[in-house]
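If you want the building blocks of each chain, they are given just below.
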Amino acid sequence: MAKVSVQERIQSENERVAAQNRAAFAKAGALVLNLVSSPGSGKTTLLEATLDRLPAAGLRSLVIEGDVSTERDLDRVKARGGDGVQINTGGGCHLSAQMVADVLGRLDLASADVVFIENVGNLICPSTYDLGEDAKVVLLAVTEGDDKPMKYPAVFHESSLAVLNKIDLLPHLAYDIAKAEREVAVLNPRCEILRLSALKGDGMDRWISWITARLAAKRGA
Amino acid sequence: MHELSICQSMLRVVDGAMKAHEGSKLLRIFADVGRGSTVEPQLLREAFDVLVTGGPYEGAELVINDIPLAGRCRSCGRAFEYREIALGCPACGSASVDIESGLELSVRELEIDD
């Protein structure tokens, strides 16, 4: 019987591929945002509203859609004049760096200022996987519980921005938005918070400004 | 249930480490799993049982070293154990806390019969 010392992180292979993805995105000068949320919080609707507004901000974009099955979200992106690729995980609850690496060849990265990666709807699994993005953006719809940040702390710990979506519904809900924001702030003081309604347009200007500022920071402008 | 893909990644790490010891039998895997790593030990064990069945590591045991989530407040310097990632300091309320352990997810050591 012998002991073999290993001392290797289980995620080391994913981290290696994520670093390659990050280098490819950096070479193209594109800002990459990994959108994470539970199912139904409005990631695709936010993308649709964003695609409507990016051209006016002088920004070109690509979308990598992650879903267990169907190309429905990519169809919605294309209906708004967007372009991108669909990844079907076939049951997997998150995207991995390798899944993103596998589709990079099908994207003209040099033509994009911003790449959105819409992760599989799940608040737990995606938080463990670096895809090579510049920032994770977590969406939280106000139709969900206002104690969700504390219930799913890891994703808030990893995110640079929390988008509180569907605020147009607040008059109809017993949702304490200040409580949700306090929980995000306690979990991650560095996580910015944005209230918006992708459907009605409230807060969309600040979201576009946030993207523009992140892109400028990445390009050292 | 990302423990299945985490377990696949773990077994790839094991494959790499076993290459130099071809022909020997894997007896035990010692893995460090921090409580802030988002991996549920019981689900990792179940995934392990499924994935090693019928393969070269069948019969091997997964030993999980469950590492508490611990941090230190940057403001008052006190050390605490936490139930969740990056909560504020329970003593002075400061939100600025360094996590000192509990985020681990790694294969530490293998035990083989050669």
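Everything numeric here is computed off the predicted structure, so don't read it as measured data.

## Comments concerning the interface of chain B and chain A
Counting residues at the interface gives 29 residues for chain B, matched by 26 residues for chain A. Summed over both sides, the interface between chain B and chain A buries roughly 2400 Å², with carbon and sulfur atoms accounting for 64% of that surface. Three residues, His2, Val13 and Ile85 of chain B, lead the burial of chain B against chain A; their summed loss comes to 18% of the area buried on that side. Linking chain B with chain A are 2 salt bridges, by the criterion used here.

## Examining the sheet that holds strand 5 (residues 97-101) of chain B
Residue and element names in this part refer to chain B. With antiparallel pairing, 3 strands are arranged side by side in an open sheet as 4-3-5. Looking at the sheet topology across the chains shown, the edges are occupied by strand 4 (79-82) and strand 5. Each adjacent strand pair in this sheet contributes to an overall mean axis angle of 35°, direction not counted. Relative to strand 5, strand 3 (residues 69-73) runs antiparallel, the two sharing 4 bridges.

## Structural notes on the nonpolar core
Grouped together as the largest cluster of nonpolar side chains are 46 residues, with contacts concentrated most on Ile64 and Val115 of chain A together with Met10, Leu26, Ile29, Phe48 and Leu110 of chain B. When residues of this core are assigned to their parent elements, the largest contribution, 8 residues, is made by helix 1 (residues 3-18) of chain B. Apart from residues lying up to four places away in sequence, Ile29 of chain B is in contact with Met10, Leu11, Val14, Phe48, Glu61, Leu62, Val63, Val107, Glu109 and Leu110 of chain B. Membership of the second largest hydrophobic core comes to 27 residues, among which are Leu33, Leu54, Val163 and Leu215 of chain A.

## A few points about the environment of Ser5 of chain A
Within the element layout of this structure, Ser5 of chain A appears in strand 1 (residues 2-9). The class of Ser5 of chain A is exposed, set by a relative accessible area of 54%. Setting aside anything within four residues of it in sequence, one finds Ser5 of chain A in contact with Arg108 and Glu109 of chain B.

## Overview of unusual backbone geometry
In this model, Gln7 of chain A sits at a positive phi of 50°, which is unusual for a non-glycine residue. Relative to the assigned elements, Gln7 of chain A resides in strand 1.

What counts and how
- Residues numbered from 1 in each chain as written.
- Chains lettered and ligands numbered in written order.
- Predicted model: local features only at pLDDT ≥ 70, side-chain atom pairs only at ≥ 80, totals over all residues.
- Heavy atoms only, no water.
- Contact = heavy atoms within 4.5 Å.
- Buried area = accessible area lost by both parts, 1.4 Å probe.
- Salt bridge = Lys/Arg side-chain N within 4 Å of Asp/Glu carboxyl O.
- Pairing = 2+ DSSP bridges.
- Helix = DSSP H or I, 4+ residues; strand = E, 2+ residues; numbered from the N terminus.
- Axes fitted to C-alpha atoms, helices over the stretch in contact; angles between N-to-C directions.
- Core = buried A, V, L, I, M, F, W, Y, C linked by side-chain atoms within 4.5 Å.
- Buried < 20%, exposed > 50% of the residue type's maximum accessible area, 1.4 Å probe, protein only.

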